[in-house]
Amino acid sequence: MGEVIEHDVQTSRIRVHVRDTDPGGATSPSGTVILVHGNCSSSAFFHRLLTALPEGWRGIAPDLRGYGDTEPLPIDATRGMRDFSDDLATLMDALGVGRAAFVAHSAGAGAVMQLAIDLPERVGAVLLEAPASPFGFGGTADAEGTPVWPDHAGSGGGTANPDFAAAIAAGDRSTDAPHSPLNVFRSLYVVPGTQLEDEDLLLDSVLSTRIGDEHYPGGTEPSENWPGVGPGTTGINNALSPRHYDMSGFADVPEVGPVLWVRGDADAIVSDTSLLDLGHLGSVGAIPGWPGADVYPAQPMVRQMRTVLDRFAAAGGRYEEVVLEGVGHSPHLEDPDRFAELLAGLLSREGVRPAS
């Protein structure tokens, strides 16, 4: 794979900054794979993977709105992930890409699943990497995504650590505070102890996150229910709240795919015992006043994803789950060779059609 070119693409909705292995698509006979990053990151998270794509595939990694160098338009959380999925669709239009394969990391999975629900003809093979639950983040009690409270308390912008957000806004590159971006990256984004030569670049990516009510983490509303905060209407964490976020409809688009679900068994962010889920944190005494597991259990994020993908398979879709031992929330960073191998295998499967 040749050089990765960074450039801007003006779409009908937004100016998008992308990393692109083949601007113009002149030498990509196999098709296009679009790599969609997660929360508090950017396209820079894929800078290595873009150079490891199979021969003949064009790789495009956009910065989502609110991250990197893309135009920082506000995020309307009441649309769930549709601000992001609509941005992806118009980016494909502007680049002349009719159908693409996707790598979707963490919250980026929501954008790709929403695109598949709305425009299934545009979505080919999908690699879901440590994907957010199809029922959002926080405040659901079972594998079916049943809300704990009617107002979805325990999800949204008010659940983010304000010290972490302030440190991003300040461009903090130190390890002085527990919630500095670098400490959070080392403890949550990857398995603690992971050594990465490009850590400075990845930290730059985290620090590119726009901070505020319209971006990260978004606004909040008070709640009478534990833990006292509920989702607002703007910003990414509110878009991820089950008040606004529901990707269960992905089960009804079996023409999409095949789907490969890749996750690490040591993921601290998306798991049935997530260190960012207030239900789990309450159960271990980290947040006072927890009403108990019978009222507010930990969110079973992995079981929720399996529930929806099993329905997808029952409807005629194809999916496979791969669990990487000793790997955390970012398999493509922590085990890059294995991840690239898995992606290449997915792209070679029958049913993946050229992107344009």
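Here, every reference points to the structure presented above.
Residues numbered from 1 in each chain as written. Predicted model: local features only at pLDDT ≥ 70, side-chain atom pairs only at ≥ 80, totals over all residues. Heavy atoms only, no water.

**Notes on empty space enclosed by the protein**
The full count for this structure, using the stated rule, is 2 cavities of 30 Å³ or more. When its volume is computed, the largest cavity comes out at roughly 50 Å³. Taken together, Ile14, Val16, Pro62, Asp63, Leu64, Arg65, Thr70, Phe84, Asp87, Leu88 and Leu91 make up the lining of the largest cavity. The greatest single-element share of the lining of the largest cavity, amounting to 4 residues, is contributed by helix α1 (residues 82–95). A breakdown of the residues in the lining of the largest cavity according to their chemical character gives 7 nonpolar, 1 polar and 3 charged. In this structure, the second largest cavity occupies an estimated 40 Å³ of space. (1 Å grid on protein atoms, 1.4 Å probe; cavity = no way out; pocket = protein on both sides within 12 Å on 5 of 7 lines; lining within 4 Å. Points joined across faces, edges and corners; volume = space filled by probe spheres on them. Helix = DSSP H or I, 4+ residues; strand = E, 2+ residues; numbered from the N terminus. Nonpolar A, V, L, I, M, F, W, Y, C, P; charged D, E, K, R; others polar.)

**Considering unusual backbone geometry**
Note the cis peptide between tyrosine 216 and proline 217, where omega equals -5 degrees. Along the chain, proline 217 falls in strand β8 (residues 216–217). Each neighbour pair has its own omega, and for tryptophan 226 with proline 227 the value is 10 degrees, a cis peptide bond. In this fold, proline 227 is placed in the loop between β9 (220–222) and β10 (229–231). With phi around 55 degrees, serine 106 is a residue other than glycine that occupies positive phi space. Tracing the sequence through the fold places serine 106 in the loop between β5 (100–105) and α2 (108–118). Of note, histidine 152 is a non-glycine position whose phi angle comes to about 60 degrees, a positive value. On the secondary structure map, histidine 152 appears in the loop between β6 (123–129) and α3 (162–169).

**Focus: the layout of surface pockets**
Volume-wise, the largest pocket comes out at about 740 Å³. Surrounding the largest pocket, 33 residues form its lining, Phe137, Leu188, Tyr216, Ile269 and Leu276 being those nearest its centre. Among the secondary structure elements, those contributing two or more residues to the lining of the largest pocket are α4 (181–189) and α7 (278–283). Looking at the lining of the largest pocket, the element that brings in the most residues is α4, giving 4 residues. Tallied by class, the residues present in the lining of the largest pocket amount to 21 nonpolar, 12 polar and no charged.

**Describing the nonpolar core**
Membership of the largest hydrophobic core comes to 70 residues, with the highest contact counts inside it found for Met81, Phe102, Leu128, Phe185, Tyr189 and Phe250. Other than its neighbours up to four places away in sequence, phenylalanine 102 contacts Val33, Ile34, Val36, Met92, Val112, Leu115, Arg122, Val123, Ala125, Val126 and Leu127. Ranked by size, the runner-up nonpolar core spans 23 residues in total, among them Phe46, Leu53, Leu343 and Leu346. (Core = buried A, V, L, I, M, F, W, Y, C linked by side-chain atoms within 4.5 Å. Buried < 20%, exposed > 50% of the residue type's maximum accessible area, 1.4 Å probe, protein only. Contact = heavy atoms within 4.5 Å.)

**Quick word on the pattern of salt bridges**
If you walk through the whole model with that rule in mind, you get 20 salt bridges. For aspartate 87, the salt bridge is made with arginine 13, and the minimal N-O distance between the two is 2.8 Å. In this pair, aspartate 87 sits in helix α1 while arginine 13 sits in the loop between β1 (5–10) and β2 (15–20), placing the two residues 74 residues apart along the sequence. Residue aspartate 87 is classed as buried on the basis of its relative accessible area of 7%. Arginine 186 is the salt-bridge partner of glutamate 199, the closest N and O atoms lying 2.8 Å from each other. Of the two residues, glutamate 199 sits in helix α5 (residues 199–207) while arginine 186 sits in helix α4, which places them 13 residues apart along the sequence. Connected through shared salt-bridge partners, Arg13, Arg65, Arg79, Asp83, Asp86 and Asp87 make up one network. (Salt bridge = Lys/Arg side-chain N within 4 Å of Asp/Glu carboxyl O.)

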